[in-house]
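An overview of the molecular structure
One-letter residues, chain by chain:
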Amino acid sequence: MMLEGWDLEVLLSGSMSVLVPPSLVCGAGGVSVTERGELDALDTPRVEVKTWLPLEDQIPPYSPQLSRIETEQPAMSDTQCGQFVDWGKMTDLEKDSPVVPSIIDDNLLKQYARQGYWAKSHSLRGKIYEQIIKAVSCRTVTPDADVYKDIVGKITGKRSPSTLPLPEFVDGSVVPNYCLNTNGTVAVRKIVVCISNQFPDISFCPVLPAIVALLLHYSADEADCFEKVCRLLACNDRTKHFIDQTFLAYESSCMTFGDLANKYCQGAHKLIVSASEDVLEVYSDWLRWMFGDLPFNYAARVLDIFFVEGFKVLYRVALALLKFFRKIRIRQPEKSANIRTDIQNFVQSIAEHIPVEKLLDKAFSIRLFSRKEIRLLRDANEKALKQKGITVNQKRQRHNVHLAVNAENFKSNIVSAKEMREIWSWIPERFALCQPMLIFTTLDHGYSLNRFYAHCEGYEPTIILIKTTEAEVCGAYLTTDWRERRRGGNKLSYFGTGECFVFKLQPEMERYEWVIIKHPEMEASKSLLDACPESPQQPGILNTEPPQEESLLTSSEEPSDRLSPFLATRHFNLTSKATSMFMAGSAEYIIIGGGSYPALYIDGNLNHGTTGRSSTFDNLPLCSETFQITVLEVWSFQDVMPN
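It should be emphasised that the depicted structure is a prediction, and the values quoted were computed from it without experimental measurement. (Residues numbered from 1 in each chain as written. Predicted model: local features only at pLDDT ≥ 70, side-chain atom pairs only at ≥ 80, totals over all residues. Heavy atoms only, no water.)

The next subject is the overall build of the protein chain. In terms of helices and strands, the protein chain carries 21 helices and 14 strands. Residues classed as buried in the protein chain amount to 57% of the 643 residues present. Restricting the contact set of the protein chain to residue pairs at least 6 apart, pairs at least 24 apart contribute 73%. On the protein chain, roughly 27600 Å² of surface is accessible, and the fraction owed to carbon and sulfur atoms is 47%. (Helix = DSSP H or I, 4+ residues; strand = E, 2+ residues; numbered from the N terminus. Buried < 20%, exposed > 50% of the residue type's maximum accessible area, 1.4 Å probe, protein only. Contact = heavy atoms within 4.5 Å. Areas by Shrake-Rupley, 256 points an atom, 1.4 Å probe, with all protein chains shown as cover.)

Structure below.
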């Protein structure tokens, strides 16, 4: 297939190529060409463009599987792909197309998407969307434009399209106006209703009206928009996940975002915890912030990058929104009691506070987990939801996560219910669904390490709380069953995962996570935090290293093989072993956090301990460096969701 009137090929780097009109090859606009090789069967010279071409004439392929951009018809104009647009609202368009160099690779395409090269050209954005969506791998039978033309009349009948009720799966979401005219908002309702007819398995998809509305701006007609959205919904390539379609998938993405906010937006997360009794209820809106609440030009820029880079960019932008919201919120003298509504209002009016470029710059300054790690986390959250009775056919079911620590039922000799809620806000969302359950306390079970192991084995994860004779309170969140200590036989061996953390509550509150989360560069280079076997041993310090086992991380989807904090220490391949010494235990002591000094060292009588700056968590001492224990408690997690 060839574009009508286009017959020459411009060679690009690798196997990618684009088509240019003959007028450009003839030297129009100062473009020079150079013959390469002999004429082909069509007597068409192969040329290499040496100067700059308008981006409209160079749409690089979205996927390496595409060797060139091909279409059966000439590119559509603004009027052809904008019959539903209120052009009076499209104030940021420019007549001239941007220019780019002729040699374009995937990295350059990503750069163009991030910098908004086609944001001011309506027809160019429409062409790019068309080519990207056309390249999506779909199920064999996917509804297309012809299907829409066949069913739309039967489904809508004689009813006025403007009164069509939206499907239940949109969960009360309204059709955003964006820059659509009246016919456009009506068309969105018709398209969404027809999609529900063709995709009966969709049980929860609150962002669908916004996605349809955005794509309708760049579609030739309703049927064209219907086909585009159906291709996104029918995508069968898991690495190019586009739209969640069940409550299970949507809820696991919300939990995943909550986990990321807990790690990368700790200030905003703490603000939400203090202002809301149900943190996950607030995070359940995270996708609607971008597709529904953001103004049109912001949402379209996010969609540009989303189509090129995938789902990870949505997490980035949502985290950036939280960071900016916190900055605005703390400056306000009077604060609303409804933080969920406050975030929504901030996102809707973001143009008054933050330019879109600044928002995107902040989003890409966040050193986020890799796609592989995010998928691991999301899979773990989905598995936890399934274990608690959530199915793919589940309708919306909201449970109060933050009140898992019930003040009436909770009783501890170390922390209050409020302090335990603070700890609960730090743990992964999949465990925050459960209530705390006391499994060991020195007041009832005695000051014995053997009894500690007897009561704690078989439980994971667990939380250790320590109160000292100086009324200091500290502890640790540990992800792995203490039975794992036996894997090393008589040799002390470390175990656990990168989700472990240590903390102090009294006299001040502070959490210390795995050092790799904040300093990912340490995984690839030698660090000063390496263990020093030659250094003299101090009280409470062990010069032991974890067993060296073969790494299971032999491949990566990204250039930087970022380590997943959800894998066990035996899967790590770090140059600095001390950064993965999470927990260890013997008959004489337990250690949490290793390296030159443990974060916590507790003796076999559960009576005395030491604390220092560990290489694993890069923490300050959690209490007095040498301390005596008054009470030690271990808490696990009880499932409270109905089976």
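All right, on to the pattern of salt bridges then. Under the defined criterion, the tally for this structure stands at 20 salt bridges. Residue Glu-357 pairs with Arg-301 through a salt bridge whose shortest N-O separation is 2.8 Å. Taken together, the residues Glu-357 in helix H15 (residues 356–365) and Arg-301 in helix H12 (residues 296–309) connect sequence positions 56 residues apart. Here Glu-357 falls in the partly exposed class, since its relative accessible area comes to 35%. A relative accessible area of 5% places Arg-301 in the buried class. Of the charged contacts in the structure, one is a salt bridge between Glu-499 and Arg-430, with a shortest N-O distance of 2.6 Å. In this pair, Glu-499 is assigned in the loop between strand S7 (473–478) and strand S8 (501–506) and Arg-430 in helix H18 (residues 429–432), connecting sequence segments 69 residues apart. This pair shows no difference in class: Glu-499 is buried, exactly as Arg-430 is. (Salt bridge = Lys/Arg side-chain N within 4 Å of Asp/Glu carboxyl O.)

What follows covers the confidence of the model for the protein chain. Summary statistics for the protein chain give a mean pLDDT of 77 and a share of 73% for residues scoring 70 or more. Below a pLDDT of 50 lies the segment residues 398–403, which in the model reaches 25 contacts outside its immediate sequence neighbourhood of four places, other chains included. (pLDDT = per-residue confidence, 0-100.)

All right, on to the side chain of Thr-462 then. Within the secondary structure, Thr-462 is located in strand S6 (residues 462–468). Every residue in contact with Thr-462, bar those within four places of it in the chain, is listed here: Ile-439, Ala-476, Tyr-477, Leu-478, Trp-482, Val-634, Trp-635, Ser-636 and Phe-637.

Right, let's talk about the packing of aromatic side chains for a bit. Taken as a whole, this structure holds 36 aromatic pairs when the rule is applied. Judged by centre distance (5.9 Å) and plane angle (25°), the ring pair of Phe-306 and Phe-307 falls under stacked. Comparing Phe-306 with Phe-307 shows no difference in burial state: the two are buried. A ring pair is formed by Phe-582 and Phe-617, whose centres lie 6.4 Å apart and whose planes are at 55°; its orientation type is tilted. Separated by 35 residues along the polypeptide, Phe-582 in the loop between helix H21 (515–518) and strand S10 (583–585) and Phe-617 in the loop between strand S13 (608–610) and strand S14 (626–638) bring together distant segments of the chain. Given the relative accessible area of 2%, Phe-617 is considered buried. Aromatic rings pair up to connect Tyr-129, Tyr-218, Phe-242, Phe-257, Tyr-283, Trp-286, Trp-289, Phe-291, Phe-306, Phe-307, Phe-311 and Tyr-315 into one cluster. Between Arg-378 and the ring centre of Phe-311, over which it is positioned, the NZ or CZ distance is 5.5 Å. (Phe/Tyr/Trp six-rings, centres within 6.5 Å; stacked < 30°, edge-to-face > 60°. Lys NZ or Arg CZ within 6 Å of the ring centre and 35° of its normal.)

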